[in-house]
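# Structural overview for review
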Amino acid sequence: MGDLRDLYQETILDHSRRPRNFRTLADADRKVEGFNPLCGDRVTVFVSLEGDQVKDISFQGSGCAISTASASMMTEKLKGKTAEEALSLFEGFHALVTGKHEARGNGSELGKLEVFSGVSEFPIRVKCATLAWHALKAALTGAEQTVSTE
Amino acid sequence: MSGTSEALKTGPRAELVRFDVEAIRRDFPILHQEVHGRPLVYLDNAATTQKPKAVLEVLQRYYTQDNANIHRGVHELSQRATAAYEGAREKVQRFLNAASSREIIFVRGTTEAINLVAHSFGGANVREGDEILVSTMEHHSNIVPWQILCDAKKARLRVIPVSDRGELEMESFDRLLSPKTRLVSVAHLSNALGTLNPVKQIIRKAHARGIPVLLDGAQAAARVKLDVRDLDCDFYALSGHKLYGPTGIGVLYGKADHLEAMPPFMGGGDMISSVTFERTTYNKLPYKFEAGTPHIAGVIALGAAVDYVDSIGLEAIASHEEELLHRATEGVLSIPGLRVIGTAKEKAGILSFVMEGIHPHDLGTILDQQGIAIRAGHHCTQPLMERFGIPATARASFGMYNTPQEVDALTEGLGKVREVFG
């Protein structure tokens, strides 16, 4: 049960119970749905841009604690960031949850998102943690309207 | 070769021996291991069952002693392999109580069996404006092949609705049967709800209108004593790996009259009697539907699985699983905020549930850390999940080797979910 505490950290449980920016964005410039066909998790990410900057970001959908908390904390982190910074954070986050980078503690670029480091011990849950991020990447690069984890 | 279980070696006559689950467990080597430091509790039998030693040994023996291609070799090994392969067909025939082994077609699994019927029977018999009737509780493999057929033929897929308890709405079924209906295809036992459908009634009503019926028996085959002649179904599809046999092998039973009239599904070797560029004549049943070198080892091992299941007895297995299901249902309902999805009067072996505020995936991970394997997800029944307004369920499904103590471990494990989630 010890590993479970690493996965379900208090911050993650808090965001899964009370997700932040959990709403639609009427004036969104970009809207992309992320879908995990294996489990049926769905998340739609809304982004409104000002120039190259994320002016506002929100999400809707249904998923497990990990995917909901990840989407919630992603929206908190990205408000005000440039598209380039956001994509760089995605790279860092992906490396963290797949165990390629270790959590660095205070002062790291990821900051609070490092609570997701426990996901790397649960490979099957990596897709949960990255679902909203994949949707975000598609939204920023203008690639597709729907992204799938498969 | 004997498929007889250790469970029955202790008594002089099978019917005098009580159901000895500990002896059965000794026949399944995989069960005796720890997962995350806890004894494995395998409750994902609706996804796939574990394999008894009798099946594993047959696979090993086939490849170490008898491996050869079937039906054409003049040499000893080929004759042995052919005899074992066709022997397994007869075992499956007896298991299903089919009238003839010609009615037993080996396929990869339930999915291929249904696709075969959709392609071959559907291709020959379905026209524009016709209808195929399925139900809301079908697995995607009993939906998508019919959608493909209906798209190609401009036919229409109609759907029998499901009640809040997870039972087929039989009055709607009566109304949906029409002169346009070409086939009814429904699950014998629902993989997501555990509902045992009134298939005899369905078949009787469909036949009264001259409509054939396919039963998806993926879940029922290991849980219900089957008699296709008593059911009077036209087609029955099942998967070996959910019946304590290997993956990659399954069975389509079809009444000979239908199979004779149907065109082949795939073309190739073994399914022909002669080939010229002008004209090819097809082989007789069942070979007409078995193109190419089949999964010989899988078929022989499926025969061993069927022997093993028979040696325990499906009635005994069904009654054991009924006790487990009852105990599990009572147990999980003692957990605050837990709701069972699928409360039909007739159920078997499968328990689906959701817990308020906690996604089934999180339940699955927390149970896994305690060594308990369940399934979490939509169970390839997305329309059914939509019907119940939920994205997914957690599902515990039982096999002959599960014990009351394992059921209690599930209940206790679910009790710990609140410790993690607060």
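Residues numbered from 1 in each chain as written. Chains lettered and ligands numbered in written order. Predicted model: local features only at pLDDT ≥ 70, side-chain atom pairs only at ≥ 80, totals over all residues. Heavy atoms only, no water.

Before going further, it helps to examine the overall build of chain A. Within chain A one finds 5 helices and 4 strands. For chain A, the spread of C-alpha atoms along the three principal axes comes to 45 × 35 × 25 Å. The buried share among the 150 residues of chain A stands at 49%. In chain A, the share of contacts with a sequence separation of at least 24, taken over all contacts with a separation of at least 6, comes to 59%. Here chain A has roughly 6900 Å² of accessible surface; of this, 46% comes from carbon and sulfur atoms. In chain A, the 18 positive side-chain charges and the 21 negative ones have mean positions that sit 4 Å from each other. (Helix = DSSP H or I, 4+ residues; strand = E, 2+ residues; numbered from the N terminus. Buried < 20%, exposed > 50% of the residue type's maximum accessible area, 1.4 Å probe, protein only. Contact = heavy atoms within 4.5 Å. Areas by Shrake-Rupley, 256 points an atom, 1.4 Å probe, with all protein chains shown as cover. Lys, Arg positive; Asp, Glu negative; His and termini not counted. Charge placed at Lys NZ, Arg CZ, Asp CG, Glu CD.)

Attention now moves to the sheet that holds strand S17 (residues 393–397) of chain B. All names here are of chain B. Spatial strand order, S13-S14-S17-S16: 4 strands in an open sheet with antiparallel pairing. Of all the strands in the sheet, just strand S13 (338–341) and strand S16 (375–377) have a single pairing partner and so form its edges. Strand-to-strand twist of the sheet, defined as the mean angle between neighbouring strand axes without regard to direction, takes the value 30 degrees. Note that strand S14 (residues 350–355) and S17 share 4 bridges and pair antiparallel. Looking at the pairing, Phe353 lines up with Ala394 of S17. Packed onto the sheet, helix H11 (residues 314–333) meets S13 and S14 and runs at close to 5 degrees relative to S14. (Pairing = 2+ DSSP bridges. Axes fitted to C-alpha atoms, helices over the stretch in contact; angles between N-to-C directions.)

Looking now at the domain arrangement of chain B. Residue and element names in this part refer to chain B. Domain annotation for chain B reports domain 1 (8–32 + 313–421) and domain 2 (56–310). Using C-alpha coordinates to define each centre, domain 1 is positioned 27 Å away from domain 2. With 37 residues of domain 1 at the contact, the number on the domain 2 side is 32 residues. Where domain 1 abuts domain 2, roughly 2800 Å² becomes buried across the two surfaces, and 58% of that area is made up of carbon and sulfur atoms. The interface formed by domain 1 and domain 2 contains 2 salt bridges. A salt bridge links Asp164 to Arg387; its shortest N-O distance comes to 2.6 Å. Linking domain 1 to domain 2 there are 20 residue pairs in polar contact (both at pLDDT 80 or more). Secondary-structure elements contributing two or more residues to the side of domain 1 that touches domain 2 are H11, S14, helix H13 (382–387) and S17. The residue inventory of the side of domain 1 that touches domain 2, partitioned by class, reads 18 nonpolar, 11 polar and 8 charged. (Domains from an automatic or database assignment. Buried area = accessible area lost by both parts, 1.4 Å probe. Salt bridge = Lys/Arg side-chain N within 4 Å of Asp/Glu carboxyl O. Polar contact = N/O pair within 3.5 Å; in protein donor to acceptor, adjacent residues only side chain to side chain. Nonpolar A, V, L, I, M, F, W, Y, C, P; charged D, E, K, R; others polar.)

With that out of the way, let us pick up the nonpolar core. For soluble globular proteins, the rule of thumb is that nonpolar side chains tend to be buried together. Within the largest apolar cluster, 80 residues are counted, with the highest numbers of intra-cluster contacts made by B:Leu96, B:Phe106, B:Val184, B:Leu215, B:Tyr236, B:Leu243 and B:Met400. For this core, the element with the most residues is helix H10 (residues 296–312) of chain B, which contributes 12 residues. If you count residues domain by domain, this core takes at least three from each of domain 1 (8–32 + 313–421) and domain 2 (56–310) of chain B. Beyond its immediate sequence surroundings of up to four residues, B:Met400 is in contact with B:Phe19, B:Val21, B:Ile24, B:Phe28, B:Tyr244, B:Tyr308, B:Val309, B:Ile312, B:Ile317, B:His320 and B:Glu321. Residues A:Phe116, A:Ala138, B:Leu367 and B:Ala396 belong to the second largest nonpolar core, which totals 72 residues. (Core = buried A, V, L, I, M, F, W, Y, C linked by side-chain atoms within 4.5 Å.)

Next up on the list: empty space enclosed by the protein. Residues and elements named next belong to chain A. According to the stated counting rule, one finds 1 cavity of 30 Å³ or more in the structure shown. Taken as a whole, the largest cavity spans an internal volume of roughly 60 Å³. Residue lining of the largest cavity: Asp41, Arg42, Val43, Phe59, Gln60, Gly61, Ser62, Gly63, Ser67, Thr68, Ala71 and Leu131, and that is the complete set. Taken together, the elements giving at least two residues each to the lining of the largest cavity come down to strand S2 (41–50), strand S3 (53–62) and helix H3 (65–78). Ranked by the residues each element gives to the lining of the largest cavity, the list is headed by S3, at 4 residues. A class-by-class count of the residues in the lining of the largest cavity yields 4 nonpolar, 6 polar and 2 charged. (1 Å grid on protein atoms, 1.4 Å probe; cavity = no way out; pocket = protein on both sides within 12 Å on 5 of 7 lines; lining within 4 Å. Points joined across faces, edges and corners; volume = space filled by probe spheres on them.)

With 22 residues of chain A at the contact, the number on the chain B side is 17 residues. Both faces combined, the contact of chain A with chain B buries some 1500 Å², and carbon together with sulfur accounts for 57% of it. Remark: the boundary between chain A and chain B carries 1 salt bridge. Run the count over chain A and chain B and you get 9 residue pairs in polar contact (both at pLDDT 80 or more). Looking at the side of chain A that touches chain B, the elements with two or more residues in it are helix H1 (2–7), helix H2 (10–17) and H3 of chain A. No other element matches H1(A), which puts 4 residues into the side of chain A that touches chain B. Of the residues assigned to the side of chain A that touches chain B, the class counts are 14 nonpolar, 3 polar and 5 charged.

What follows is about helix H3 (residues 76–96) of chain B. For H3(B), with 21 residues, the first-to-last C-alpha span of 30 Å sits near the 30 Å given by 1.5 Å per residue. Within the span of H3(B), buried status applies to B:Ser78, B:Ala81, B:Thr82, B:Tyr85, B:Glu86, B:Ala88, B:Arg89, B:Lys91, B:Val92, B:Gln93, B:Phe95 and B:Leu96. (Expected span 1.5 Å × (residues − 1).)

All names here are of chain B. The contact between helix H2 (residues 53–66) and H3 brings their axes to 10 Å, and the two run at 160 degrees. Relative to H3, the element H2 lies roughly antiparallel. Contact residues: Tyr62, Gln65 and Asp66 in H2; Leu77, Arg80 and Ala81 in H3. Class assignment of the residues belonging to the contact of H2 with H3 gives a composition of 3 nonpolar, 1 polar and 2 charged. (Parallel < 35°, antiparallel > 145°, perpendicular 65-115°, else oblique.)

Moving on, we get to the sheet that holds strand S9 (residues 235–239) of chain B. Residue and element names in this part refer to chain B. Across the sheet, 7 strands lie side by side as S4-S10-S9-S8-S7-S5-S6; this open sheet has mixed pairing. Two strands bound the open sheet, and with one partner strand each, they are strand S4 (104–107) and strand S6 (156–160). In this sheet, neighbouring strand axes are inclined to one another by 20 degrees on average, regardless of whether the strands run parallel or antiparallel. Taken together, the 3 bridges between strand S8 (residues 213–216) and S9 define a ladder with parallel strand orientation. Within the sheet, the bridge partner assigned to Leu215 lies in S9 and is Tyr236. Relative to S9, helix H4 (residues 110–125) is tilted by about 155 degrees, and along the sheet it contacts S4, strand S7 (181–187), S8, S9 and strand S10 (250–254). The sheet contacts of helix H7 (residues 199–208) involve S7 and S8, and relative to S8 the element is tilted by about 160 degrees.

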